[in-house]
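Residue strings, one per chain:
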Amino acid sequence: MKRLLLPLALMLAGSAHAASWQIKPEGLGPYKVGARYENLGTTFGGLEADKMISDDKNCRVARSKRYPTVEVTFVRKVVARVDVSGGYGTERNIKIGDPASKLVRVYGDAVRPHPQHEDWLMVETGDRELAIRYMMNDGKVAAIHAGKRLQLQTLEGCK
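In this report, the structure presented in the accompanying data block is examined. Nothing here was measured: the structure is a model prediction, and the numbers come from that model.

1. A closer look at the pairing of strand β10 (residues 120–124)
- With 4 of its 5 residues buried, β10 lies for the most part within the structure.
- In the sheet, strand β9 (residues 112–113) pairs with β10 via 2 bridges, with the strands oriented antiparallel. Bridged to P113 within β10 is L121.
- Between β9 and β10, which pair antiparallel in sequence order, lie 6 residues.
- Sheet topology places β10 next to strand β11 (residues 130–137); 5 bridges connect them, and they run antiparallel. Note that in β11 the partner of V123 across the bridge is I132.
- Taken together, β10 and the strand that follows it, β11, pair antiparallel across an intervening segment of 5 residues, in which R128 is found at a positive phi of about 65°.

Dropping the structure here:
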């Protein structure tokens, strides 16, 4: 009986901890820029089979098994970007469904539209290495992507 309860308790503790995760420019929870594919594939519930792998196999995208609203882009088997489609907010309390006006109120002039995509709003870090991209739909946040600025320039995340 104890053998069954310990894994369940660990799983529930991990889920409770995950509820407090916040999206930051460097990622979400353990899904952070710089984390290794092998490590995330064997921990935190693992990763589903790769959704996309580039021809040169340098870029791959996989969804978390335990957290299905989290998708991770790896470049050379290292996290470069984390896409969140629900369940989490940013460290500045922006969530899926919030209006664009809240982004402007919270970030001010730091919010900038992407040059090629008017429905992408970007907030970069001071060194411009990392960023958060807000995917908008009808003036509301539909998804939040965080990570290396270069990987946030394309829809697929591989650049």
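2. Things to note about the packing of aromatic side chains
- For the coordinates displayed, the defined rule picks out 6 aromatic pairs.
- Seen in terms of ring centroids, W21 and Y31 are 6.2 Å apart; in terms of plane orientation they differ by 75°. Their pairing is edge-to-face. With a gap of 10 residues between them, W21 in the loop between α1 (2–18) and β1 (22–24) and Y31 in strand β3 (residues 31–32) connect regions that are remote in the sequence. Like W21, the residue Y31 is buried in the burial classification.
- On the numbers, 6.0 Å between centres and 50° between planes, the contact of Y107 with Y134 is tilted. Here Y134 lies in strand β11 and Y107 lies in helix α3 (residues 100–107), a separation of 27 residues in the sequence. The two residues Y107 and Y134 agree in class, both being buried.
- Connected via pairs of aromatic rings, a cluster forms that spans W21, Y31, Y67 and Y88.
- Residue placement shows R60 over the ring face of Y37; its charged tip is 4.8 Å from the ring centre.

3. As for the nonpolar core
- If you look at the biggest cluster of nonpolar residues, it comprises 30 residues, and the most contacted ones within it are Y31, Y88, L103 and Y134.
- The set of elements that each furnish at least two residues to this core consists of α2 (37–42), β6 (70–75), β7 (78–84), α3, β10, β11 and β12 (140–148).
- Every residue in contact with Y31, bar those within four places of it in the chain, is listed here: W21, E26, L40, F44, L47, S64, Y67, V70, V72 and V82.

4. Section: the sheet that holds strand β8 (residues 89–90)
- The mixed open sheet is built from 4 strands, whose spatial order is β3-β2-β1-β8. Of all the strands in the sheet, the pair left with one neighbour each is β3 and β8.
- Bridge count for β1 against strand β2 (residues 27–28) is 2 bridges, and the pairing is antiparallel. Bridge pairing in β2 links I23 to L28.

Here is what the cut-offs are and how they apply
- Residues numbered from 1 in each chain as written.
- Predicted model: local features only at pLDDT ≥ 70, side-chain atom pairs only at ≥ 80, totals over all residues.
- Heavy atoms only, no water.
- Buried < 20%, exposed > 50% of the residue type's maximum accessible area, 1.4 Å probe, protein only.
- Helix = DSSP H or I, 4+ residues; strand = E, 2+ residues; numbered from the N terminus.
- Pairing = 2+ DSSP bridges.
- Phe/Tyr/Trp six-rings, centres within 6.5 Å; stacked < 30°, edge-to-face > 60°.
- Lys NZ or Arg CZ within 6 Å of the ring centre and 35° of its normal.
- Core = buried A, V, L, I, M, F, W, Y, C linked by side-chain atoms within 4.5 Å.
- Contact = heavy atoms within 4.5 Å.

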